[in-house]
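Report on the structure
So you can see what is in the structure, the chains are spelled out below.
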Amino acid sequence: MLHGLHHVALICGDYARSRAFYVDLLGLTVIAETHRAERDSWKLDLAVPGGGQLELFSFPDPPERVSRPEARGLRHLAFTVTDMDAAVARLEAAGVTVEPVRVDALTGKRFTFFADPDGLPLELYEG
């Protein structure tokens, strides 16, 4: 029935800051950027390497989402990286706090967590 993951939608608190984070820091490619004046909202479609998209939305005064302690629902987004050390160094050089790199006991692959400007947990997973 399902053929793949098409997109993940995110709502941000500060559009310019989140746009810079996902485009300039993480390096996602802009597919389209649309201002929806009737909703006082931006929609930014971003290509994720390897397939799929992120849709970044802005809305006036979006409510906070519970993230910690662990709550039901979406836990985090994970991105594959080929050079964990370089990716961590890039994030830290930009002032992003990155958790210590750990090893997945089931796969032997390295991974770590960090957060986007709104506190959404993001993971880097060695691929």
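See above for the structure.
For the structure given in this document, a descriptive report is provided here. (Residues numbered from 1 in each chain as written. Predicted model: local features only at pLDDT ≥ 70, side-chain atom pairs only at ≥ 80, totals over all residues. Heavy atoms only, no water.)

**Looking at the sheet that holds strand 7 (residues 110-115)**
The mixed open sheet is built from 4 strands, whose spatial order is 5-8-7-6. Since the sheet does not close on itself, it has two edges, and those belong to strand 5 (77-81) and strand 6 (102-103), each with one partner. In the packing of helix 2 (residues 84-93) onto the sheet, the strands contacted are strand 5, strand 7 and strand 8 (121-126), and the crossing angle to strand 7 comes to about 15°. (Pairing = 2+ DSSP bridges. Helix = DSSP H or I, 4+ residues; strand = E, 2+ residues; numbered from the N terminus. Contact = heavy atoms within 4.5 Å. Axes fitted to C-alpha atoms, helices over the stretch in contact; angles between N-to-C directions.)

**Comments concerning the pattern of salt bridges**
Under the defined criterion, the tally for this structure stands at 6 salt bridges. For Asp 45, the salt bridge is made with Lys 43, and the minimal N-O distance between the two is 2.6 Å. Residue class for Asp 45 comes out buried when judged on its relative accessible area of 10%. For Arg 102, the salt bridge is made with Glu 99, and the minimal N-O distance between the two is 3.3 Å. The class for Glu 99 is partly exposed, based on a relative accessible area of 32%. A cluster of three or more residues bridged by salt bridges with shared partners is formed by Lys 43, Asp 45 and Glu 55. (Salt bridge = Lys/Arg side-chain N within 4 Å of Asp/Glu carboxyl O. Buried < 20%, exposed > 50% of the residue type's maximum accessible area, 1.4 Å probe, protein only.)

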